[in-house]
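# Examining the three-dimensional arrangement
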Amino acid sequence: MRVALICIDKPGHLEVRKANRDAHLAYIEASGVVEMAGPFLSPTGEMVGSLVILDVGRLSDGEDWAAADPYAMAGLFQSVEIREWKKVIG
């Protein structure tokens, strides 16, 4: 099953994102379940959130992945929405 994580950063937390980016990317690589991912951008081009598509067995696996993400553990996110997602195109 595919799961979409829609994560919105806390305002003013760009430095938290930058400080934890290497750990976040290493986590993505090591987990082996990320199909695609990337940041949301502000109108000025700054990173302000994340979209992550996971391929996992259950929704709870996606919830567990999200909770262990270094970004989440650093307190970066204002909100995290986790939803089952169906790929149709691409």
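Anyway, here's the lowdown on the structure attached to this text. (Residues numbered from 1 in each chain as written. Predicted model: local features only at pLDDT ≥ 70, side-chain atom pairs only at ≥ 80, totals over all residues. Heavy atoms only, no water.)

### A few points about the pattern of salt bridges
Filter applied, for reference: For salt bridges, the criterion is a side-chain nitrogen of Lys or Arg within 4 Å of an Asp or Glu carboxyl oxygen. Under the DSSP-based scheme used, a helix requires at least four consecutive residues in state H or I and a strand at least two consecutive residues in state E, with every element numbered from the N terminus. Categorising residues by exposure relies on relative accessible area from a 1.4 Å probe, with only protein chains included: less than 20% of the type maximum marks a residue as buried, more than 50% marks it as exposed, and the intermediate range marks it as partly exposed.
Scanning the entire structure with this criterion turns up five salt bridges. One salt bridge in this structure joins E35 and R2, with 2.6 Å as the shortest N-O distance. Residue E35 is located in strand β2 (residues 34-41), and its partner R2 is located in strand β1 (residues 2-9); the two are separated by 33 residues in the primary sequence. By relative accessible area, which is 31% here, E35 ends up partly exposed. Between E15 and K18 there is a salt bridge, with the nearest N and O atoms lying 3.8 Å from each other. With E15 and K18 both in helix α1 (residues 14-31) and three residues apart, this pair spans about one turn of that helix. Using a relative accessible area of 45% as the deciding quantity, one classes K18 as partly exposed.

### Some thoughts on the environment of A74
The condition that has to hold: Here a residue-residue contact requires only that any non-hydrogen atoms of the pair lie within 4.5 Å.
You can see A74 is positioned in the loop between α3 (70-73) and β4 (77-85). Spatially, the C-alpha atoms of A74 and E46 are 19 Å apart, while their sequence positions differ by 28 residues. Residues within four places of A74 in sequence aside, it is in contact with V16 and N20.

### Looking at the side chain of S42
The condition is simple: Nitrogen and oxygen atoms within 3.5 Å of one another constitute a polar contact, given that in protein one can donate a hydrogen and the other can accept it, and given that sequence-neighbouring residues count only through two side-chain atoms.
With respect to the helices, strands and loops of the structure, S42 is situated in the loop between β2 and β3 (47-55). Of note is the side chain of S42, whose polar atom sits 2.9 Å from the side chain of T44.

### Regarding the side chain of D9
If you trace the backbone, D9 turns up in strand β1. In this structure D9 comes out as buried when scored by relative accessible area, which is 8%. A distance of 2.8 Å separates the side chain of D9 from the side chain of R17, its partner in a polar contact. Excluding residues that lie within four positions of it along the chain, D9 makes contacts with R17, M47, V48, G49, L76, F77 and Q78.

### Quick notes on α1
Going by this rule: Expected helix span is taken as 1.5 Å per residue step, with the number of steps being one fewer than the number of residues. The seven residues ending at a residue and the seven starting there each receive a fitted axis; the angle between those axes is the bend at that residue.
The terminal C-alpha atoms of α1, which comprises 18 residues, lie 24 Å apart, in line with the 26 Å expected from a rise of 1.5 Å per residue. Of all the bends in α1, the largest measures some 50° and sits at R21. On the buried face of α1, the contacting elements are β1, β2, β3, α2 (59-68), α3 and β4. A positive backbone phi angle near 70° is found at G32, which sits one or two residues after α1.

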